[in-house]
Amino acid sequence: MRIALPRWAGTLAVKAAVFITVMCCALAALLGILVHVSVTNQTVEQARDLALSRLEDTTKAFEAGDALPPGAGVDPAGLPASLRALAVAGRRGTVVASHQGRPIMWAAGPAAGHRALAVEVDYSQQSRTIAGLDQSILWSAGLAIGATVLVGAFAVTRVTRRLHGTARVARRISGGDLDARVDDPRTKDPTRPQDEVAAVAAALDTMASTLQSKLLSEQRFTADVAHELRTPLTGLHAAAELLPPGRPTELVRDRVAALRTLTEDLLEISRLDTGRERQEVDTEELGALAGRVVRASGTDTEVRIVRDARVETDRRRLERVLGNLVANAHKHGGPPVVLTVDGPVVTVRDHGDGFPEYLVAHGPQRFRTEGGAKGHGLGLTIALGQAEVLGARLSFVNAVDGGAVATLTLPAED
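Parameters and conventions
Residues numbered from 1 in each chain as written. Predicted model: local features only at pLDDT ≥ 70, side-chain atom pairs only at ≥ 80, totals over all residues. Heavy atoms only, no water. Helix = DSSP H or I, 4+ residues; strand = E, 2+ residues; numbered from the N terminus. Expected span 1.5 Å × (residues − 1). Pairing = 2+ DSSP bridges. Axes fitted to C-alpha atoms, helices over the stretch in contact; angles between N-to-C directions. Contact = heavy atoms within 4.5 Å. Patch = residues over 30% accessible without salt bridge, like charges linked within 9 Å, V, L, I, M, F, W, Y side chains within 5 Å. Areas by Shrake-Rupley, 256 points an atom, 1.4 Å probe, with all protein chains shown as cover. Salt bridge = Lys/Arg side-chain N within 4 Å of Asp/Glu carboxyl O.

K.L.:
Which residues make up helix α3 (residues 124-174), and what values do they have?
P.N.:
Compared with an ideal rise of 1.5 Å per residue, which puts 51 residues at 75 Å, α3 spans 72 Å between its outermost C-alpha atoms and is within 8% of the ideal. Where α3 terminates, the next one or two residues include glycine 176, which has phi positive at roughly 110°.

K.L.:
So what's going on with the sheet that holds strand β10 (residues 393-398)? Residues and values would help.
P.N.:
Strands sit in the order β6-β8-β9-β11-β10 across an open sheet of 5 strands; the sheet is mixed. Strands at the two margins of the open sheet, each flanked by one partner only, are β6 (301-307) and β10. Geometrically, the sheet is characterised by an average inter-axis angle of 15° between neighbouring strands, direction not taken into account. Sheet topology places strand β9 (residues 345-349) next to strand β11 (residues 404-409); 5 bridges connect them, and they run antiparallel. Bridge pairing links valine 346 to leucine 408 in β11. Packing of helix α7 (residues 286-297) onto the sheet brings it into contact with β6, β8 (337-342) and β9, and relative to β8 it is tilted by some 165°.

K.L.:
Would you mind going over a nonpolar patch on the surface in detail, with residue names and values included?
P.N.:
A cluster of nonpolar side chains, contributed by Leu27, Leu30, Leu31 and Leu34, occupies part of the molecular surface with about 400 Å² of accessible area. Among the secondary structure elements, leucine 27 is positioned in helix α1 (residues 12-64).

K.L.:
If you had to explain the sheet that holds strand β3 (residues 102-111) to someone new, which residues and values would you point to?
P.N.:
Within a beta sheet, neighbouring strands are joined by backbone hydrogen bonds and run either parallel or antiparallel to one another. Strand order in the open sheet formed by 4 strands is β1-β4-β3-β2, with antiparallel pairing between adjacent strands. Edge positions in the sheet fall to β1 (72-74) and β2 (93-99), since each has one partner strand and no second. Taking the axes of each pair of neighbouring strands and ignoring which way they run, one obtains an average angle of 30° across the sheet. Strand direction decides the pairing type here: β1 and strand β4 (residues 115-122), joined by 3 bridges, are antiparallel. Counterpart to glycine 73 in the pairing with β4 is alanine 118. Sitting on the sheet, helix α2 (residues 81-88) is in contact with β2, β3 and β4, with an inclination near 20° to β3.

Quick look at the structure:
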């Protein structure tokens, strides 16, 4: 089973701090071991040479029958058994052992009668030197690790702060703010070294500028086309009115009306795309406004007022949103269609096949319809754009028991 780590454990700063700490600890441990082994070997060799030198002098005195110097004796108390066995076997050796609570360097060699001639050298000073060295290594390693972690964390934090700033700008761009830019100062000065973060920031700014230019060009093109179509459509509409009554005339007038509606929708979308639309706020009774929208639609739509509310909103834009939702429910859904007012929340539900999966997942898309549905997919796009101008939230889901549900949540009056 995979262990669930806390959210902060996934940040780059934490990972970098852990990596730096682990590497510093490993390096300090390696250097500490090398210094400890080197100094210990040197100290032990010096003590061993001294002990063997004294053993040499003691052996000469023993063989000459002279008195043995202090710290020397035959089979003295405390002599390690392993060293005594080595000496009895005719060989010389040394060993560090504790005797009477003190570390002693023992040196022993063979003596007459299968005995061991041994000398002891006080090893306390060398032992304290090694212990002090180990403590100094630990303290210096701790200080070095702490300083390295602080410096590394400071350096990594500067990088992650720039990355967070770049991520914030990217989120603003994805949210529709195409004027957002990172503006990393390193990208503006070619004499300064360019790191990877600066390269990402420059690429993001370039992408945003290119995307903004393309969208503005498309918006201008849509607006220009729709505007240029208005004049010939007006003349075409006037000419259609002069045609004699009959089925062909009705077909021509119907197609001209559809083309005029499409043109007006395109003009409205182009205005919404500019992001400069502003609402004319007034206080409205939501239940009464919903009733007017249904009556104006001329459809068989049930209005349910669960809880009425007064909202500060743009009446024309709100009527446009609700009218489009009701029209879409009747055009693409199935009866009965119910408009429900519950405080600042308005839902429009039908009992048809529901919204397409792409619409629920990504929202309405222009000129995209599925399942043989007729239309241009602009009604819900306009509703969503007008809702954004109102500061409202418009969502699309499918009911569990079937049917499409569009929910408009308006800002509540303070």
